[in-house]
Amino acid sequence: MTDRRDTFAEHLARAATGVLERFPAGLRPEIYALSFRIWRVDGDERRPYVAIGYNTETQYAAERRPEDPGEARWNYACWLLDGFETLGSVPEDPVGSALHQEEARAAGLWFEDPDEEGDGGGGFDDDDDEIDVKSDLLRSHFYDTCVGLARTLHAEGHIERLLGRPLPVVVFDMDCPGWEVEATEAANPPGLVREFLAWQRAQVVT
């Protein structure tokens, strides 16, 4: 009897735990938040990925401004963003790529780009309503998967076990500013994101 194959979400949870294990030991006491930066290869919703990283107290101190210290602490534009491992439909994660495509096909969300097998050109036909709808659904599906990934890492105790304490996971997509508030609130236990939410909501009021 063969072992059951992981789902895409299960693969991400297993792989993300490995990413956390590889965070530099010397930096771990400085980390105050984890980051899930969502993006897509070549803007293609069929090829989404999440870069799993962190921000540190040193980075916060370097970016902090007296008039608004919360910006440096909770605005991802001020954070460390480069050099982190990526998971999802990227060459660096071949297992995740295959599972993501299989899952999307099974859900009826996959589509073929007619340009890919023709002249080798890329890009979608912006007038193709079906592609637009499926692209939106693929994005929403990956968003939900990443929020679920953060919840799983919390629920199974991996963040606390590997980093020594519970830490908030800030989930964001630079192509969808503002969504990080909803996503981060959904991804974490309430107490962990109280400070994050307070600063974010204050920006809306002001």
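Residues numbered from 1 in each chain as written. Predicted model: local features only at pLDDT ≥ 70, side-chain atom pairs only at ≥ 80, totals over all residues. Heavy atoms only, no water.

Trainee: Hey, could you run me through the pattern of salt bridges in this one?
Mentor: Any two side chains of opposite charge can pair, so long as their charged atoms come close to each other. Under the criterion given, the structure shown has 15 salt bridges. Arginine 105 serves as the salt-bridge partner of glutamate 112, at 2.9 Å between the closest nitrogen and oxygen. Given a relative accessible area of 46%, glutamate 112 falls into the partly exposed group. Judged by relative accessible area, which is 43%, arginine 105 ranks as partly exposed. Note that arginine 139 is salt-bridged to aspartate 173, the shortest N-O span being 4.0 Å. (Salt bridge = Lys/Arg side-chain N within 4 Å of Asp/Glu carboxyl O. Buried < 20%, exposed > 50% of the residue type's maximum accessible area, 1.4 Å probe, protein only.)

Trainee: Which parts of the structure should I look at to understand helix H5 (residues 129–155)?
Mentor: Three or four residues apart is the spacing at which side chains of an α-helix point the same way, because the helix has 3.6 residues per turn. Taking 1.5 Å of rise per residue, 27 residues should cover 39 Å, and H5 covers 39 Å from first to last C-alpha, within 8% of that figure. Phi turns positive, to about 75°, at glycine 157, one or two residues after H5. (Helix = DSSP H or I, 4+ residues; strand = E, 2+ residues; numbered from the N terminus. Expected span 1.5 Å × (residues − 1).)

Trainee: Even after reading the chapter, I still don't get the pairing of strand E1 (residues 31–40), so can you show me in this structure?
Mentor: The side chains of a regular strand alternate, residue by residue, between the two faces of the sheet. Of all ten residues making up E1, nine are buried, and the element is well covered by its neighbours. Across nine bridges, E1 lies against strand E2 (residues 48–56) in antiparallel orientation. Opposite alanine 33, over in E2, you have asparagine 55 as the bridge partner. With five bridges joining them, E1 and strand E4 (residues 169–173) adopt parallel strand pairing. Along E4, the bridge assignment pairs serine 35 with valine 170. (Pairing = 2+ DSSP bridges.)

Don't take any of this as a statement about function, it's just geometry.
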